[in-house]
Amino acid sequence: MVGGLVLLSLILITFSFRASSTGTLHQVESAGVTVLRPFEVAAERVARPFRDVYGYFRGLVHAKQQNGRLRLQVNELRQQALQGKSAQEQNREFRAQLHFIDSPLFPRDYSPVNTRIISWSGEFDQQVVIAAGSDQGIKEDTPIVTQDGLVGRVTDVTGSAAHVTLLTDESSAVPARDQKTGATGLVRHGEGEGSLLLDYVPKESDVREGDVIVTAGTQSKRYPSLFPGAIPIGVVTSVGQSDTALYKQIQINPYVDFSGLDPVTALITHKRSPKVP
Amino acid sequence: MLFLVVVIQLSVIANVDILSGHPNLLLVTVVCVSLLRGAVFGAVAGFSAGLLADTGVFGTLGFTALLLTLAGYWTGRYGETTGRDRAHAPLLSIAVITVLYQISALVLRYLLGQAAPAHHIFVALLPTVLLNLILTVPVYALTRRLLRPREWVTREVRLLG
């Protein structure tokens, strides 16, 4: 009996590992998710007040030291915002004059689908399930954000739910650039839980502590990015380089608090991305 | 009961992170059920709950089911033999099974070519064991109320000769 269950588990693992994302096993999984979804939504609603209280007290610990730093940042950003606004106006005028054709731009060409997280994968994976799926227009590779920045992308979808792989997962990699200097690289998971690295940035590139890192969008026509450009990712906390390494070692502190995600927004665009001929 | 536990584990507890430890209510419940009801019942309970959990997170089907089947079976065997009358049996089982579960999951993930962050798991092992031990006390009491412990057959041994 027990041997049979173990064997069945091994068969399931094998099939699940080899199955395509549209096969019978995927349909079984979809049915399971659909059955569990209302219960998970209910449990999440019941647990929300308790989680909020826990999050509130946890946030208080860091609030005081953040306050001073953020005040300085606000002044600096206010000036930058004014400069940015006028540059944006100019940019719009120039584009209109040139009849410029562009790929979908964030946030203008995207419509948001706001949803909540209904379940979390265990400690091994940085993945979550959200309570919206293809019925709401979500597809595979749809970017997921919060008001703070980039969260991840959809890696599997059913009618009523979608599986999101977070930016902090080992399998995630996002083309990104330094907003100030334009240096580009690839954002990947870092050593610590919830930390990120900006990898493959050449040594001669200029990246400094405090620089803001945003998604780069498509940089090479051979490798179109899944994410639109200019979505905030995080701020550079340290920059290092050694004689033997080919690239800079850049640590990023993400804007998004991955341990307290909710609600999240799926970015849906109806504008077609240019396809490489 | 296991259905409810799976739902709570996936939507509430899976996101709890205390001192890098992640409590596993599902594992604790399967272990408690197995101690009270024996190896076969524990294995079936572990398999069903694991399969449901795998489905709920778009995980590799059979992954959690396999680990929980083995956890349920071994705990059940321990409950049927040496651990049946011992007050510390639930706590001891949870401590041992949590360590074995975490290491087995790590090895299995490595074999499947998935992310297997060994450093992170070993750092989180002690807090995870402690959190699971804390959960064991109320969960075992509740499970004991819901499932009456199986009455083990006392076999009379008669010496011949």
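Preceding this paragraph is the structure being described.
Since the structure is predicted, the reported quantities are computational estimates derived from the model, not experimental observations. (Residues numbered from 1 in each chain as written. Chains lettered and ligands numbered in written order. Predicted model: local features only at pLDDT ≥ 70, side-chain atom pairs only at ≥ 80, totals over all residues. Heavy atoms only, no water.)

Observations concerning the packing of aromatic side chains
The description of an aromatic ring pair rests on the distance of the ring centres and on the angle between the ring planes.
Alright, step 1. One pass over the full model with this rule turns up two aromatic pairs over all chains.
Alright, step 2. Between F39 of chain A and F3 of chain B the ring centres are 4.9 Å apart and the planes differ by 85 degrees, which places this aromatic pair in the edge-to-face class. In this pair, F39 of chain A sits in helix α2 (residues 24-98) while F3 of chain B sits in helix α1 (residues 2-11), so the two residues belong to two different chains.
Alright, step 3. When its relative accessible area of 41% is taken as the criterion, F39 of chain A is described as partly exposed.
Alright, step 4. Overall, F3 of chain B belongs to the partly exposed group, its relative accessible area being 30%.
Alright, step 5. With centroids separated by 5.3 Å and ring planes inclined at 75 degrees, the aromatic side chains of Y200 of chain A and Y247 of chain A adopt a geometry described as edge-to-face. Placement of Y200 of chain A in the loop between β9 (196-199) and β10 (212-215) and of Y247 of chain A in the loop between β11 (232-240) and β12 (249-254) is noted, with a sequence separation of 47 residues between them.
Alright, step 6. For Y247 of chain A, a relative accessible area of 32% gives the class partly exposed.
Alright, step 7. A cation over an aromatic ring shows up here: R37 of chain B above the ring of F41 of chain B, its NZ or CZ 5.7 Å from the ring centre. (Phe/Tyr/Trp six-rings, centres within 6.5 Å; stacked < 30°, edge-to-face > 60°. Helix = DSSP H or I, 4+ residues; strand = E, 2+ residues; numbered from the N terminus. Buried < 20%, exposed > 50% of the residue type's maximum accessible area, 1.4 Å probe, protein only. Lys NZ or Arg CZ within 6 Å of the ring centre and 35° of its normal.)

What about the interface of chain A and chain B?
Alright, step 1. On the side of chain B, 43 residues touch chain A, which itself brings 40 residues to the contact.
Alright, step 2. In this assembly, chain A packs against chain B so that about 3,800 Å² is buried in total across both faces, 71% of it on carbon and sulfur atoms.
Alright, step 3. Here chain A is connected to chain B by zero salt bridges.
Alright, step 4. At the level of elements, α1 (2-18), α2, β2 (117-120) and β6 (162-166) of chain A are the ones that each hand at least two residues to the side of chain A that touches chain B.
Alright, step 5. Ranked by residue count, the leading element in the side of chain A that touches chain B is α2 of chain A, at 13 residues. (Contact = heavy atoms within 4.5 Å. Buried area = accessible area lost by both parts, 1.4 Å probe. Salt bridge = Lys/Arg side-chain N within 4 Å of Asp/Glu carboxyl O.)

What about unusual backbone geometry?
Alright, step 1. One non-glycine residue, D141 of chain A, lies in positive phi territory at about 75 degrees.
Alright, step 2. Looking at the secondary structure, you find D141 of chain A in the loop between β3 (127-130) and β4 (143-145).
Alright, step 3. Of note in the backbone geometry, L19 of chain B takes a positive phi value of approximately 50 degrees without being a glycine.

Without other data, these values stay purely geometric and don't point to any function.
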